[in-house]
Amino acid sequence: MHKRSGGMIPALAIMAGILFPGVVSADVHKQFSPFWTSLEDCQTTIRLHNNLLTESLTVKGVLYLRNGTPLELNPITMPPKGSASIPVNELVVNLGYKEPQFGGAEFSYDREHGGALGVETEVIMAERRVAYSVESFAPNPGRSRQQHAVFWLPTRQSEIFVAVHNTSDEPVRVLPEITAGRNSAALPAIDLAPRGFASFRLPGANDGGLFAPLAAQRPGVIGGITLRHRGAAGAVVATGWIDDRAIGYSNMMTFTDPGLVAGQELYGTQILTGQWPGRRPGRDNAVRSMLLVKNMSDIPVTAAAEISYGAGSAVSVTPVAMGTMAPGAVGHIDLALLQTRGVLPRDVTEISVRLRHSGQSGALMARAIGISNDGDYGFYSALEHFAGPSRSEVHWTTEGQRNSLVTVANFGPPDNVKVTLSSNLGPLPLDAFRLETGESRTLDLRAELAAKGIPAGSGGYSVKAVRGQGQLVVKEHIVDQATGFAIPFYGSYDYVVQLLIDPSSAATIDVDQSINVTILRKWSDFSQDQAHGAWTEESPTGIVSVTGSYATKTITGSTAGSTTIGAESWEIVNQFGAWGYVQASPQKPVTVKCLVGVDSVDAHNVGSSSGTARVKIRNTSCSGSVHVRFTLTDVIGNFVPNWGGGPNANQIEVFLPADGTTTSWQTKGFSYSGSGGFKVHAYIELCNGGDCTAANFTLNPSSLTSGLVEAP
């Protein structure tokens with residue numbers, strides 16, 4: 001399968017994840033494709049996908065050779081939700097390198113937030129019926145000085161290859177250790193040059209050594225690999241693969257950095273067992289899968305799996321205890337054995353798993369590894385430490401003999417799920433479907449598109465919980481029946497970059513008046529939906545009351561004043577799966593005014609040269625007592641009023657009790673000279689000793705005028 005160079009080191013074994021070790025600008029984000037090669041018997045394609053819903057994305061790419069020489073690529077621009085493919089073999093030859101090359105790649109883009117780009121490398125050896133896909137890495141300061149992997153060798157001829165890459169500018173020594181059964185062994189140290197690569201092959205069962213005593217036992221050789229290094233945290237990343245060249249079997253072996261794992265649960269789906277219906281006619285359709293779990297911590301950990309299967313209200317959950325695992329130990333669940341013993345029904349062909357453990361946060365890692373009975377197909381699923389309501393996936397295809405099988409599992413409350421395929425021609429929405437808690441559904445994309453009359457194509461896709469309540473895990477295999485391989489593809493969770501209050505503009509309402517606002521989440525892919533579980537607060541408090549559930553809130557004025565309405569929601573806050581509170585930005589300013597006004601005014605008992613002005617003041621909605629000063633004056637007439645002398649003789653101050661009350665007649669006698677008709681005008685001048693508008697009063701009405709009075 002592999003051409004070898006440098007003695008025992010196969011050229012294809014130089015596979016590794018690359019993590020940029022320096023400080024990344026807040027506006028420049030990078031993604032690293034760990035491996036590419038231009039070997040003649042390999043066809044390497046780097047798949048790029050723009051995760052943004054409404055904006056194009058321009059990406060700068062660099063291919064690095066084994067010695068660190070950079071090969072800069074022309075900038076690549078993808079439309080919203082668009083994709084691009086880089087044919088590495090052809091590109092490297094066109095750049096003048098006739099001999100096979102291999103290395104890593106770096107892709108960068110300018111954006112306020114990360115997560116806009118998805119990258120995955122696909123390596124296919126069609127003649128050997130072998131294929132791999134290698135996920136990409138984004139810089140993360142949480143990385144540690146360790147890497148962990150698990151493996152299962154389903155045949156005696158299975159071989160393990162591991163590759164490590166130094167992403168720093170300093171030399172690094174890597175110390176590998178292997179565990180199989182109850183035995184562990186240290187492997188020779190590996191010295192990596194700055195930005196250097198190295199790879200090694202683990203001795204197989206046919207080589208004797210650690211694996212030989214286990215090869216004849218059921219279920220075969222199961223173990224784990226630990227890589228420790230002495231460089232800066234995150235300086236070394238690793239990847240690997242397993243193959244049996246005699247039967248064309250191949251599978252991935254991804255590594256986990258314990259610094260990037262959190263929580264006490266792991267989630268996985270599209271784990272095949274029994275008679276897989278997606279195989280070629282006339283071939284053995286049975287798939288055997290093994291769930292492998294490794295304790296990455298330094299204390300014993302007790303773990304148990306919850307295996308779910310079925311559909312709708314018929315979802316069944318079977319608990320399977322795994323017992324206590326010692327530090328560094330690898331435990332397993334043989335799904336075929338569970339079916340043989342009747343723990344799982346024999347007709348179950350696909351399961352999802354929630355793994356719970358008692359250890360410290362991030363203590364366990366887990367993988368599901370499957371092989372078809374004839375050895376043609378290998379299936380691989382990395383269990384994830386979190387699930388979320390929105391996800392962007394790198395690649396799907398139905399071109400040629402390929403088909404994408406996509407499984408969506410829901411580990412949260414019941415929700416509807418929307419899958420939207422994307423291509424450079426635009427979105428291809430599929431029909432929404434409902435998933436109950438623990439339920440999963442597998443989509444055959446070739447059949448889905450054919451039913452809609454859509455021709456074969458390729459691109460990326462997004463998966464969303466419609467109400468935002470579902471906690472989804474997505475897994476995809478691209479199956480090629482012509483050459484007999486299955487390639488696992490990956491994606492990343494979208495995360496919330498902003499919480500919005502809609503409308504966000506300042507609002508002015510009266511006491512007891514209400515307005516509705518909606519809390520929205522803006523995601524890293526620029527999509528928006530309503531936030532679940534958002535809550536609001538006032539500062540200062542007591543100005544408004546907030547009612548309502550889910551995302552829509554009713555804001556009701558309680559008392560006069562100004563406040564701000566905020567929102568807070570517990571969300572995924574970065575592309576690495578961290579959770580935290582997101583605060584609404586901006587907050588919504590709200591001013592509440594209370595209503596007072598002149599209820600009525602008249603000129604009463606007007607006689608010869610004298611009369612009485614009467615006014616009623618109404619408190620419509622002001623809580624507590626209200627101090628109002630109103631002023632009386634004539635409006636028309638040729639008489640000269642005399643209000644009793646003094647500068648404020650025509651003013652009356654009134655204290656009103658709680659809202660909903662109207663004063664009795666407030667009277668003011670006056671005398672006058674002159675004759676003719678006149679009117680008395682009353683208007684509110686001050687509220688609680690200050691300017692009414694500034695004190696958040698609404699004057700409704702602010703003034704009234706009496707009817708025309710004819711003086712005797």
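Positions within a chain are numbered from 1, following the residues in the order the chain's sequence is written. For this predicted model, a pLDDT threshold of at least 70 governs which residues receive local features, and a threshold of 80 or more governs which side-chain atom pairs are given and counted, while totals over whole chains, interfaces and linings are taken from all residues. The basis for every side-chain value is the complete set of non-hydrogen atoms in the structure, without hydrogens or water.

A. Main features of the sheet that holds strand S33 (residues 440-444). Two strands make a pair as long as DSSP finds a minimum of two bridges between them. Numbering of helices and strands runs from the N terminus, with a helix taken as a DSSP run of H or I at least four residues long and a strand as a DSSP run of E at least two residues long. The strand order across the open sheet formed by 4 strands is S33-S29-S35-S36, and the pairing between neighbours is antiparallel. If you trace the sheet from one side to the other, it starts and ends with S33 and strand S36 (485-489), each paired once. Across the sheet, the mean angle separating the axes of adjacent strands is 20° when strand polarity is ignored. Sheet topology note: the strand S29 (residues 402-410)/strand S35 (residues 472-480) ladder contains 9 bridges and is antiparallel. Across the sheet, Asn-410 pairs through a bridge with Leu-472, a residue of S35. All axes are obtained by fitting lines to C-alpha atoms, using only the stretch in contact for helices, and the reported angles, taken between N-to-C directions, cover 0 to 180 degrees.

B. Up close: the confidence of the model for the protein. Per-chain confidence: the protein averages 87 in pLDDT, with 94% of residues scoring 70 or above. Within the model, pLDDT remains below 50 along residues 1-26, and this stretch shows 108 contacts once partners closer than five positions in the same chain are excluded. The predictor attaches a confidence to each residue, called pLDDT, with possible values from 0 through 100. The contact rule is simple, with two residues in contact once any of their heavy atoms fall within 4.5 Å.

C. Here's a closer look at the state of the cysteines. By disulfide we mean two sulfur atoms from cysteines, separated by a distance within 2.5 Å. In the structure shown here, the tally under the stated rule is 2 disulfides. For Cys-687, the disulfide goes to Cys-692, at an S-S distance of 2.1 Å. The sign of the S-S torsion, about 85°, decides the handedness of the disulfide formed by Cys-687 and Cys-692: right-handed.

D. Structural view of the environment of Ala-185. Along the chain, the position of Ala-185 falls in strand S13 (residues 183-186). Any residue under 20% of the maximum accessible area for its type is buried, any over 50% is exposed, and the rest in between are partly exposed; the area is computed with a 1.4 Å probe on protein chains only. A relative accessible area of 28% means that Ala-185 is categorised as partly exposed. Along the chain, Ala-185 and Asp-374 lie 189 residues apart, while their C-alpha atoms are 32 Å from each other.

E. Region of interest: the pairing of strand S19 (residues 265-272). With respect to burial, S19 is a largely interior element, 7 of its 8 residues being buried. Bridge count between S19 and strand S25 (residues 350-357): 6 bridges; the pairing is antiparallel. Bridge pairing in S25 links Tyr-267 to Arg-354.

F. Inspection of the sheet that holds strand S51 (residues 651-656) at higher detail. Within the open sheet, the 4 strands sit side by side as S51-S49-S55-S57. Their pairing is antiparallel. Two strands lie at the open edges of the sheet, namely S51 and strand S57 (703-705), each paired on one side alone. Ignoring which end each strand starts from, the neighbouring axes of this sheet average 25° apart. Across 7 bridges, the pairing between strand S49 (residues 626-634) and strand S55 (residues 680-687) is antiparallel. In the strand pairing of S55, Asp-634 is matched with Val-680.

G. Examining the environment of Leu-430 more closely. As for its position among the elements, Leu-430 is in the loop between strand S31 (426-429) and strand S32 (433-435). Along the backbone, Leu-430 and His-357 are 73 residues apart, and their C-alpha atoms lie at a distance of 36 Å. Not counting residues up to four positions away in its chain, the partners in contact with Leu-430 are Lys-418, Val-419, Leu-421, Leu-443, Leu-445, Glu-448, Leu-449 and Lys-452.

H. A look at the side chain of Asn-650. Among the structural elements, Asn-650 can be located in the loop between strand S50 (640-642) and S51. On the basis of relative accessibility, which here comes to 17%, the residue Asn-650 falls in the buried class. Side-chain atoms alone can form a polar contact between residues adjacent in sequence; in general such a contact is a pair of N or O atoms within 3.5 Å, and within protein one must be able to donate a hydrogen while the other accepts it. Side-chain polar atoms of Asn-650 contact the backbone oxygen of Leu-632, separated by 2.7 Å. Look past the residues within four positions of Asn-650 in its chain and what remains in contact with it is Phe-630, Thr-631, Leu-632, Trp-643 and Lys-668.

I. Broad picture of unusual backbone geometry. Of note, the amide linkage connecting Ser-585 to Pro-586 takes the cis form, showing an omega dihedral of 0°. By the secondary structure assignment, Pro-586 is in the loop between strand S46 (579-583) and strand S47 (588-607). A cis geometry characterises the amide bond from Asn-700 onward to Pro-701, with omega recorded as -5°. Structurally, Pro-701 is set in the loop between strand S56 (697-699) and S57. Of note in the backbone geometry, Gln-270 takes a positive phi value of approximately 50° without being a glycine.

J. Here's a closer look at the pattern of salt bridges. One side-chain nitrogen of Lys or Arg within 4 Å of one carboxyl oxygen of Asp or Glu is enough to make a salt bridge. All chains considered together, the criterion is met by 28 salt bridges. A salt bridge links Arg-129 to Asp-376, with the nearest nitrogen and oxygen atoms 2.9 Å apart. Taken together, the residues span a long stretch of sequence, with Arg-129 in the loop between strand S8 (117-125) and strand S9 (130-135) and Asp-376 in the loop between strand S26 (364-372) and strand S27 (378-382) at a distance of 247 residues. Exposure remark for Asp-376: the relative accessible area of 3% places this residue in the buried category. With a closest N to O distance of 2.8 Å, Arg-288 and Asp-334 form a salt bridge. Highlighted residues: Arg-288 in strand S21 (residues 286-295) and Asp-334 in strand S24 (residues 330-334), separated in sequence by 46 residues. One salt-bridge network, held together by shared partners, links Arg-47, Glu-122, Arg-402 and Asp-480.

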